[in-house]
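What the coordinates show
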Amino acid sequence: MIEIESLLRDMEAIRAQPPLVHNITNYVVMNNTANALLSIGASPVMAHAREEVEEMASIASALVLNMGTLEPAWVEAMLLAGKTAKAKNTPVIFDPVGAGATSYRNVVCKQIIEECKPDIIRGNASEIIALYTTQNQTKGVDSTVSSGEALESAKALALETGSVVVISGATDYITDGKEVETVENGSPLMPRVTGMGCTATAVIGAFAAVNRNYLQAALHGMAMMGIAGEIASGKACGTGTMQVLFLDELGLLDEQSVRRTIR
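Anyway, here's the lowdown on the structure attached to this text. (Residues numbered from 1 in each chain as written. Predicted model: local features only at pLDDT ≥ 70, side-chain atom pairs only at ≥ 80, totals over all residues. Heavy atoms only, no water.)

1. A closer look at unusual backbone geometry
Most peptide bonds take the trans configuration, and most residues that are not glycine carry a negative phi. The following threshold applies: A run of DSSP states H or I qualifies as a helix once it reaches four residues; a run of E qualifies as a strand once it reaches two. Both are numbered from the N-terminal end. Using a 1.4 Å probe on the protein chains alone, a residue whose accessible area is under 20% of its type maximum counts as buried, one over 50% counts as exposed, and one in between counts as partly exposed.
Phi at Asn-89 is positive, roughly 60 degrees, even though this residue is not glycine. Tracing the backbone shows Asn-89 in the loop between α4 (72–87) and β4 (92–95). Note on Asn-89: relative accessible area 54%, which makes it exposed.

2. Section: the packing of helix α2 (residues 30–40) against helix α8 (residues 196–210)
Quick reminder of the rule: Here an axis means a line fitted to C-alpha atoms, over the contact stretch when the element is a helix, while the angle between two N-to-C directions is reported on a 0 to 180 degree scale. Roughly parallel here means an angle under 35 degrees, roughly antiparallel means over 145, roughly perpendicular means 65 to 115, and every remaining angle is called oblique. If you view the pair so one helix is near and one far, a crossing is left-handed when the near helix is turned anticlockwise from the far one by less than a right angle, and right-handed when it is turned clockwise. Contacts are assigned to residue pairs with any non-hydrogen atoms lying within 4.5 Å of each other. Just so you know the grouping, Ala, Val, Leu, Ile, Met, Phe, Trp, Tyr, Cys and Pro go in nonpolar, Asp, Glu, Lys and Arg go in charged, and all remaining residues, Gly too, go in polar.
At their nearest, the axes of α2 and α8 sit 9 Å apart, and the two run at 40 degrees to each other. Considering their axes alone, α2 and α8 lie oblique with respect to each other. Judged by the twist between their axes, the crossing of α2 over α8 is right-handed. The segment α2 lies against α8, with Asn-32, Thr-33, Ala-36, Leu-37 and Ile-40 engaging Cys-198, Thr-199, Ala-202, Val-203 and Ala-206. Broken down by class, the residue content of the contact of α2 with α8 amounts to 7 nonpolar, 3 polar and no charged.

3. Concerning helix α6 (residues 125–132)
Every α-helix carries 3.6 residues per turn, so stepping three or four residues along brings you back to the same face. Defined as follows: Side-chain atoms alone can form a polar contact between residues adjacent in sequence; in general such a contact is a pair of N or O atoms within 3.5 Å, and within protein one must be able to donate a hydrogen while the other accepts it.
Across the 8 residues of α6, 7 count as buried, placing the element largely inside the fold. Those residues of α6 not exposed but buried are Ala-125, Ser-126, Glu-127, Ile-128, Ile-129, Ala-130 and Leu-131. Those residues of α6 hidden inside the fold are in contact with β4, α5 (103–116), β5 (120–124), α7 (151–161) and β6 (164–168). The distance from a side-chain oxygen at the start of α6 to the backbone nitrogen of Ser-126 is 3.1 Å, and the residue carrying that oxygen is Asn-124.

4. Quick word on the pairing of β5
Heads up, the condition is: Crossovers are marked right-handed if the path from the first strand over the helix to the second runs clockwise, as seen with the strands pointing away from the viewer. One bridge is not enough; two strands pair if DSSP finds at least two bridges between them.
Of all 5 residues in β5, 5 are buried; the element is thus mostly enclosed. Burial along β5 is two-sided: the residues Ile-120, Arg-122 and Asn-124 and Ile-121 and Gly-123 are all buried. A crossover connection joins β4 to the parallel β5 through α5; in handedness this β-α-β unit is right-handed. Pairing geometry for β5 and β6, over 5 bridges, is parallel. Following the sheet pairing, Arg-122 is matched in β6 by Val-166.

5. A closer look at the side chain of Ser-153
With respect to the secondary-structure elements, Ser-153 resides in helix α7. Those residues within four positions of Ser-153 in sequence are excluded, and the remaining contacts are Ile-128, Ile-129 and Tyr-132.

6. So, α5
Convention followed: The span one expects for a helix is its residue count, reduced by one, times 1.5 Å. Here the arc refers to the set of directions running from the helix axis out to each C-beta atom.
The end-to-end C-alpha separation of α5 is 20 Å, in line with the 20 Å expected for 14 residues at 1.5 Å each. Looking at α5, one finds that the buried residues are Arg-105, Val-108, Cys-109, Ile-112, Ile-113 and Cys-116. Along the axis of α5, the buried residues cluster in a sector spanning 125 degrees; they form a single face. The exposed residues of α5 that point more than 90 degrees off its buried face are Ser-103, Val-107 and Lys-110.

Following this line, the structure appears as structure tokens:
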């Protein structure tokens, strides 16, 4: 259950002292992700060169690893940054984009989870199932099953890895393998705007930077995403305006809008 006062405290903590969120993410979403982090009050940096990621990860407040547009040099950079972050006790958040779609992605997922030991993993239902079992096939980066169908896989994955696991969908599920939290806010327009899932992962990174209860941090990040998306969709004419209005609403969210909208 979302404790509104706790969510509001985390939102204020991000705005009061903007955490530096280091993103090694994909070409498609860099601009969206950076703008979303700025909107909520965080400070984004998009650094993926092998020559600098260890240094950047050592000063960041959170590290977000997103494998949307894979290539070997970026994988090496993710592993270097991830190991550095873990050594510094900096939260690592992993987005296994397209897990299950190709054998290469499956190998990279396994490598990141084993070597970087992410504190939080966020994906859609197909991706989460694919991380736990090779029996599921994804359709590119889109989910082929509902979020609820992935819950048992998410719980098992959380217990196996020690990570908090987040499933995005019409209902978002957040679990540490024992407890399960849900977020009901959101809009059908959100999956039709590119990078919304990746943005959620980055936003969770900002919350993890200010709240080391990672189950709670992930819940708060998903709640903020869902509330902003739901408000924005009520004003949007379509996916184009939805993208812009979503960023606006992230920045405008206050106590009144949270209390009025949260479900």
